[in-house]
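Descriptive analysis of the structure
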Amino acid sequence: MKLPPFEYLEPSTVLEALSMLDTYRNTVQIIAGGTEVVNRLKLRLISPDYIMNIKKLPDLGGIVEHEQSIVIGANVSLNEIRDSSLLQDKYKAIAEAAFQVAAPPLANMGTIGGNILQNTRCLFYNQSEIVLKGLGVCHKRGGASCLAVRDSKRCFSVYQGDMAPALIAFAAQCVLEKSGSRRTIPIIDLFTGMGTQPLSIENNELLTGIIIPKQNGAYGSAYRKLRVRGSIDYPLASAAAFLALSADGKLAASRLVIGAAGPAPKIVDRASAALLGKLPEAADLKAAADMAYELSEGVDNLALPGDYRRKMVRVFAQRALQGARTDMKRGM
């Protein structure tokens, strides 16, 4: 399929990119690796007047270790993340998520910023223009109905990014810049929870970096993912877990995040609270995984049935917690 017509923009600095966003703010689409955006262009799901390529901006690269944090530029490729010895050793869930995103050629193109800022997906939306003409106009296309859940007043499209759940498990933040200002927010706050407008980033803002707090003591993390094809598919259920021990060997901190279970990644707050102060025993991890199941959504709008995907959230949440416990022991 051919791309729709557009005018190509390629800023040489971040300041120039921010100026372009101000000038063309409602008509420009940002692209870096392009692994998601190009497909959406071909399907005519978006038809911007301008495409702004930020891939060559030098200030958006690098994985830099600071005293209290690790800073990853928004244009760092998924291959760079999966190959980083620092992330593999200290932030295993993040490296595992990058490794599972796609085959190496796609991971070499795709960026961490682009993976975070993916739009939600649905079988009734992510189709060619010809197919969509034969379907009703759903919420995500500006209609008044959901084709996946009859009579629903909201959109049930699914966020299927890999990197966001793993980063949220570490309480990571992101840096958003626009002309004249800059803000830093938790990555979880990027997501609105609404399938029609899943991201809270403003149309003249640019995601420039990710900040991961450094961890101390004994801790571990893991990311697990369900997919049809092992090398290239979006997650159909996913979970990221972070566990940290106090001096007495009990859990001082925990965070369980599920993905592909609704229009945004979800922190399983009940599970985190239930695990604190306990020894990380198998029964406790299983109970936490049950809470992830209760929080997840299961709708028949992806490649596998919704009920099955929801049940697998429990399975992969438990696997992620078990993986985090194993990683924690390895680091002690």
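Here, the structure is the one placed above.
Just so you know, these numbers come straight off a predicted model, no measurement behind them.

Some points on the overall build of the protein chain
Broken down by element type, the protein chain carries 12 helices and 12 strands. When its C-alpha atoms are laid out on the principal axes, the protein chain stretches across 60 × 50 × 35 Å. Looking at the protein chain as a whole, 51% of its 332 residues qualify as buried. Contacts in the protein chain between residues far apart in sequence, at least 24 positions, make up 64% of those at least 6 positions apart. When the accessible area of the protein chain is evaluated, it comes to approximately 14,700 Å², of which 52% is carbon and sulfur surface.

A short note on the sheet that holds strand β2 (residues 28-31)
Overall, parallel pairing links the three strands, which are arranged β1-β3-β2 in an open sheet. Edge strands, defined here as strands with exactly one partner in the open sheet, are β1 (7-9) and β2. Here the strands of the sheet are splayed against their neighbours by 25 degrees on average, with no regard to which way each runs. Where β2 lies against strand β3 (residues 50-53), four bridges are found, and the strand directions are parallel. Considered in β3, the bridge of I30 is made with M52. Contacting β1, β2 and β3, helix α1 (residues 14-23) runs over the sheet at an angle of about 165 degrees to β3.

Some points on the nonpolar core
Core analysis: the biggest nonpolar cluster contains 43 residues, and M163, L167, I187 and I212 have the highest contact counts within it. When sequence neighbours within four positions are dropped, the list of residues in contact with M163 reads L78, I81, I94, A97, A98, V101, I112, N115 and I116. Judged by nonpolar contacts, the second largest core, of 31 residues, contains A218, M291, A292 and V313.

A few points about the sheet that holds strand β12 (residues 266-267)
Spatially, the four strands line up as an open sheet ordered β9-β10-β11-β12, and their pairing is antiparallel. Two strands bound the open sheet, and with one partner strand each, they are β9 (219-226) and β12. Here strand β10 (residues 237-245) pairs with strand β11 (residues 251-259) via eight bridges, running antiparallel. Following the sheet pairing, A244 is matched in β11 by A253.

Regarding the pattern of salt bridges
The tally for this structure, following the rule as stated, stands at 15 salt bridges. With its nearest N and O atoms 2.9 Å apart, the salt bridge here joins K214 to E65. With K214 in the loop between β8 (206-213) and β9 and E65 in strand β4 (residues 63-65), this pair connects stretches of sequence that are 149 residues apart. Look at K214 and you get partly exposed, because its relative accessible area is 28%.

Observations regarding α1
Looking at α1, one finds that the buried residues are V14, A17, L18, M20 and L21. An end-on view of α1 places all buried positions within 160 degrees of arc, on one side of the element. Residues of α1 that are exposed and angled more than 90 degrees away from the buried face: L15 and T23. Turning to α1, the residues buried within the fold contact β1, β2, β3, β6 (173-178) and β8.

Rules behind the numbers
Residues numbered from 1 in each chain as written. Predicted model: local features only at pLDDT ≥ 70, side-chain atom pairs only at ≥ 80, totals over all residues. Heavy atoms only, no water. Helix = DSSP H or I, 4+ residues; strand = E, 2+ residues; numbered from the N terminus. Buried < 20%, exposed > 50% of the residue type's maximum accessible area, 1.4 Å probe, protein only. Contact = heavy atoms within 4.5 Å. Areas by Shrake-Rupley, 256 points an atom, 1.4 Å probe, with all protein chains shown as cover. Pairing = 2+ DSSP bridges. Axes fitted to C-alpha atoms, helices over the stretch in contact; angles between N-to-C directions. Core = buried A, V, L, I, M, F, W, Y, C linked by side-chain atoms within 4.5 Å. Salt bridge = Lys/Arg side-chain N within 4 Å of Asp/Glu carboxyl O. Arc of directions from axis to C-beta.

No statement about biological role is implied by the geometric values presented.
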